[in-house]
Amino acid sequence: MTRALRRGVRKASTVTMMLYALALGAGLGLATADYATRGGYPFGGVRVGAWTAWPKVGSVGADPYARAVNARRGEIPLAIGEGMLLTAEQDESGRALDAACTYRVAGVTPPARAWTVTVAGRGPRDSDTAPMREGFTATEILRETDGQFVITLSPEVQPGNWLPMPRAKGPVRLALRLYDTPVAASAGSLDRSAVPAITKTGCAA
């Protein structure tokens, strides 16, 4: 009777340990997958000033992480023949973009038939305020006489091309999408002067 009880306890302990290991593995797998796909694309970026170009996220050879990020966002990325995506989470000095601060996004874009620049918070938007504007297109933005433009990214109303912050505080991300651009296949050759500079001009007290 005692031997049978001991065997039963051993079997139960083995099964318990197996279930624990499976639950732990599943939990760690889900946690790491969530972490890897929560932010931007983890691999394949080409740094250009404050921006990072992602020339391959819409290609057939996109890595599994890029595909997982696209699936989580519900986005259809631009293929190489369609255009290219550039994102910015930092200013020219390398500091993270903060929704409580004001930034000057100025310069030109690489040659493209059309482009858009949008802003998004890395997290939920403020539910009590509807977004007044989320971005600009190449056809509606106000330009200087030399063809350059200045966008003011700020939580406060600004004259000219004002892009409001998506929420009161927290990190934000800018996305520049170039459509039908010849630089999609040669992102590594882009010069820093070919993309808009992002400079912080102040923060809320």
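In this report, we go over the structure that sits alongside the text.

About the cut-offs
- For every chain, the first residue of its written sequence is number 1, and the numbers climb from 1 along that sequence.
- Given that the model is predicted, a residue must reach a pLDDT of at least 70 before its local features are reported, and side-chain atom pairs must reach 80 or more before they are shown or counted; all residues, however, enter totals for whole chains, interfaces and linings.
- Just so you know, side-chain values use all the structure's heavy atoms and leave hydrogens and water out.
- By definition, any uninterrupted DSSP run of H or I lasting at least four residues is a helix, any uninterrupted run of E lasting at least two residues is a strand, and each is numbered from the N terminus.
- Think of it in three bands: with a 1.4 Å probe and only protein chains considered, a residue is buried below 20% of the maximum accessible area for its type, exposed above 50%, and partly exposed in between.
- What makes two residues a contact is simply this: any of their non-hydrogen atoms within 4.5 Å.
- Each accessible area is a Shrake-Rupley estimate made with a 1.4 Å probe; only the visible protein chains count as cover when residues are assessed.
- Cysteine sulfur atoms are paired as a disulfide whenever they fall within 2.5 Å.
- Criterion for a salt bridge: a side-chain nitrogen of Lys or Arg within 4 Å of a carboxyl oxygen of Asp or Glu.
- Paired strands are those between which DSSP finds at least two bridges.
- Lines fitted to C-alpha atoms define the axes here, with helix axes fitted over just the stretch in contact, and angles between the N-to-C directions of these axes take values from 0 to 180 degrees.
- Here the nonpolar core consists of buried residues drawn from Ala, Val, Leu, Ile, Met, Phe, Trp, Tyr and Cys, with membership extended through side-chain atoms lying within 4.5 Å.

### As for the overall build of the protein
Of regular secondary structure, the protein possesses two helices and ten strands. Taken from the N to the C terminus, the helices and strands of the protein come in the order α-β-β-α-β-β-β-β-β-β-β-β. Looking at the protein residue by residue over its 205 residues, the buried ones come to 35%. Sequence separation of at least 24 residues holds for 75% of the intrachain contacts in the protein that already meet a minimum separation of 6. Looking at the protein as shown, the accessible area adds up to about 12300 Å², and 58% of this sits on carbon and sulfur atoms.

### Comments concerning the environment of Ala 194
With respect to the helices and strands, the residue Ala 194 is situated in the loop between strand E9 (172-179) and strand E10 (197-203). The residues touching Ala 194, leaving out its near neighbours within four places in the chain, are Val 108, Thr 109 and Pro 110.

### Concerning the state of the cysteines
Under the counting rule described, the total for this entry stands at one disulfide. Linked covalently through their sulfurs, Cys 101 and Cys 203 form a disulfide whose S-S length is 1.9 Å. One disulfide, between Cys 101 and Cys 203, carries an S-S torsion of 90 degrees and so falls in the right-handed class. Of the two residues, Cys 101 is situated in strand E4 (residues 101-107) and Cys 203 in strand E10; the sequence distance between them amounts to 102 residues. Judged by its relative accessible area of 43%, Cys 203 falls in the partly exposed class.

### A closer look at the side chain of Thr 116
With respect to the secondary-structure elements, Thr 116 resides in strand E5 (residues 114-121). Accessibility expressed as a relative area gives 17% for Thr 116, which makes it buried. Excluding residues within four positions of it along the chain, Thr 116 makes contact with Phe 136, Thr 137, Ala 175, Leu 176, Arg 177 and Tyr 179.

### Observations regarding the pattern of salt bridges
Tallying each qualifying case throughout the model produces five salt bridges. With its nearest N and O atoms 3.0 Å apart, the salt bridge here joins Arg 173 to Glu 89. With Arg 173 in strand E9 and Glu 89 in the loop between strand E3 (83-88) and E4, this residue pair connects regions lying 84 residues apart in the sequence. For Asp 91, the salt bridge identified is with Arg 95, shortest N-O distance 3.7 Å. Given the relative accessible area of 3%, Asp 91 is considered buried. The class for Arg 95 is partly exposed, based on a relative accessible area of 45%.

### Observations concerning the sheet that holds E4
The strands that make up a sheet are held in pairs by hydrogen bonds between backbone atoms, and each pair lies either parallel or antiparallel. Spatially, four strands are ordered E8-E7-E4-E10 in an open sheet, and the strand pairing comes out mixed. In this open sheet, the two edge strands, each paired with only one partner strand, are strand E8 (161-164) and E10. Mean inter-strand twist for the sheet, computed between neighbouring axes without regard to direction, equals 25 degrees. Summarising the sheet, strand E7 (residues 149-154) and E8 pair through four bridges and their orientation is parallel.

### Some words on the nonpolar core
Core analysis: the biggest nonpolar cluster contains 34 residues, and Trp 51, Met 84, Leu 174 and Ile 198 have the highest contact counts within it. Residue assignment for this core shows that the elements contributing at least two residues are strand E2 (51-54), E3, E4, E5, E7 and E9. Ranked by residue count, the leading element in this core is E9, at four residues. Ignoring any residue separated from it by four or fewer positions in sequence, one finds Leu 174 in contact with Trp 51, Leu 86, Thr 87, Ala 88, Leu 97, Val 105, Val 117, Thr 118, Val 119, Leu 153, Leu 163 and Ile 198.

### Things to note about the side chain of Asp 91
For Asp 91, the location among the structural elements is in the loop between E3 and E4. Setting aside residues no more than four positions away along its own chain, Asp 91 makes contact with Ala 50, Leu 97, Tyr 103, Ile 198 and Lys 200.

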